[in-house]
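So the chains spell out like this:
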Amino acid sequence: MIEQKLSVYNTLTRKKEIFEPIHAPHVGMYVCGPTVYSDAHLGHARHGVTFDLLFRYLQHIGYKVRYVRNITDVGHLENEEGSGEDRIAKKARLEQLEPMEVVQYYSNRYHKVMNDLNTLSPSIEPHASGHIIEQIESIKEILKNGYAYESNGSVYFDVEKYNKDFDYGILSHRNIEEMLNTSRELDGQEEKRSRVDFALWKKAAPEHIMRWPSPWSDGFPGWHLECSTMSIKYLGKEFDIHGGGLDLMFPHHECEIAQNTAMEKHQVVKYWMHNNMITISGQKMARSLGNFITLEQLFAGDHELLEKAYNPMTVRFFILQAHYRSTVDFSNEALLAAEKSLDRLFDAYARIDKVPASPASSVDVKSIRSKCYDALNDDLNSAIVIAHLCDTATTINSANAGNITLSQEDINELKDIFDIFLFGILGIRNDVTSSNNNNEAFGKAMDLLLDIRQKAKDNKDWATSDQIRNELTKAGFDIKDGKDGAEWKLK
Ligand code: ZN
């Protein structure tokens, strides 16, 4: 039973639409994954967290989701227009590695940081290089239907022919004349009928190391083709959601739609969803600007633009503080503010159990749950959910200070709200960072140590009490003595 009515913004229709899966309760969801030739950065974090939120929420409200996120390990050339060297092959050449060593190395590192960000693994994670046979079959189908042509061992998609029968530019709202006027002259231009045509198969130059046999030449598939082929293979000829970063809308997703339609003669994807980008202090992130921060650097505080290391949960929370379709500007101030807000939520959560229950509540907390659902149902508005959670934290703190009263039922409700929304759907992990944390085993061990220290102090056994304090400080803990005993925090 699906109890919530979710609306999502469909980039294809440019409207918010009620989400109605083709085969409810099953949902097929495909998200363009990373090209594994370098370390993941903030852009990957936003993309990963956005579609993790969608994945978690769809499952929470009762759908059975098949989430496919690919690994691009062949065919993504240096220039987005489809020229230059293969990104993986170039890295392999520079590092003197096998291309698949590069792929494995950066895939492992991508999984590590996605795990740090507490994103759930996709149901299937197919590699483009593992689906060359299927991609060749796709090309044959597009050729058979008359929307591609072979030229000198390569195969190109015939955009102008396709545009006569369908609409090229339906997603990005660009038209061919405009594209013809703006696209630059490219390598291999002479092979193409029109400069807007894109490669389905490229004949490999003699020095090109990633190559496979095909009916046309020894070569490799075009980048856009893998997503059409693998999404249809695993999710069917019609499926629900295709996601990706806004920077992929053109040409990547536009080309995917053209390929899909050239094969199937109809739209394959029902809802296209795109997350917006991250800027750094108002600037686009780029290696040339020196503001390119990888997630590993961010978590270690290892970059000249960073004032300190940031916990992955702070980064996740920071991303979720904005709606996924708005831009987010990264700065130390913004991350420090996110860290503070999140700490305040953790503190309030830790205090819930300490709130004294009253016979009746003096405030109404019954509407918070439905308000959080309303926000999520409105195109995943995590920013509003966080605002409600911050209000909930204020309620808990007021009850704890004795300014308002809460019944046991309402105390339980507030705890549920944190468990469902903050830890469940928003996917925040309650990491061990202070005595106000809820990792029970760790907390108990610390309480025990501080208890022993207190007893030593009571017995004037200063050597033991100092030893515990000094060793804990050396291990990275901050111990503060207060009137109600000692409190600890990880520095
Ligand atoms: Zn893709």
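The following paragraphs examine the structure supplied in this document. No experiment lies behind these values; they were computed from the predicted model shown.

### What about the packing of helix α7 (residues 223–235) against helix α8 (residues 249–264)?
Alright, step 1. Where α7 contacts α8, the two axes come as close as 8 Å, and the packing angle between them is 55°. Considering their axes alone, α7 and α8 lie oblique with respect to each other. At the point where α7 passes α8, the crossing takes the right-handed sense. Across the interface between the two elements, Trp 223, His 224, Leu 225, Cys 227, Ser 228 and Ile 232 from α7 touch Pro 251, His 252, Cys 255, Glu 256, Gln 259, Asn 260, Met 263 and Glu 264 from α8.
Alright, step 2. Per-class residue counts for the contact of α7 with α8 are seven nonpolar, five polar and two charged.

### Some points on the pattern of salt bridges
Alright, step 1. Within the structure shown, the criterion is met by 23 salt bridges.
Alright, step 2. The salt bridge partner of Asp 116 is Lys 112, with a shortest N-O separation of 2.9 Å. Of this pair, Asp 116 and Lys 112 both sit in helix α3 (residues 99–116), four residues apart, which is roughly one turn of the helix.
Alright, step 3. Assessed through its relative accessible area of 17%, Asp 116 is described here as buried.
Alright, step 4. Across the pair Glu 134 and Lys 233 runs a salt bridge whose closest N-O atoms are separated by 2.8 Å. Placement of Glu 134 in helix α4 (residues 132–144) and of Lys 233 in helix α7 is noted, with a sequence separation of 99 residues between them.

### Description of the coordination of the zinc ion
Alright, step 1. The zinc ion binds to the protein through Cys 32 (SG), Cys 227 (SG) and His 252 (NE2); the donor distances cover 2.0 to 2.1 Å.
Alright, step 2. Motif for the zinc ion, donor spacing along one chain: C-x194-C-x24-H. Pair noted here: Cys 227 is in helix α7 and His 252 is in helix α8, with a separation of 25 residues, a long-range link. Across this residue pair, the class does not change: Cys 227 and His 252 are buried.

Here is what the cut-offs are and how they apply
- Residues numbered from 1 in each chain as written.
- Predicted model: local features only at pLDDT ≥ 70, side-chain atom pairs only at ≥ 80, totals over all residues.
- Heavy atoms only, no water.
- Axes fitted to C-alpha atoms, helices over the stretch in contact; angles between N-to-C directions.
- Helix = DSSP H or I, 4+ residues; strand = E, 2+ residues; numbered from the N terminus.
- Parallel < 35°, antiparallel > 145°, perpendicular 65-115°, else oblique.
- Left-handed = near helix turned anticlockwise from the far one by under 90°.
- Contact = heavy atoms within 4.5 Å.
- Nonpolar A, V, L, I, M, F, W, Y, C, P; charged D, E, K, R; others polar.
- Salt bridge = Lys/Arg side-chain N within 4 Å of Asp/Glu carboxyl O.
- Buried < 20%, exposed > 50% of the residue type's maximum accessible area, 1.4 Å probe, protein only.
- Donors = N, O, S within 2.8 Å, 3.2 Å for Na, K, Ca; no water.

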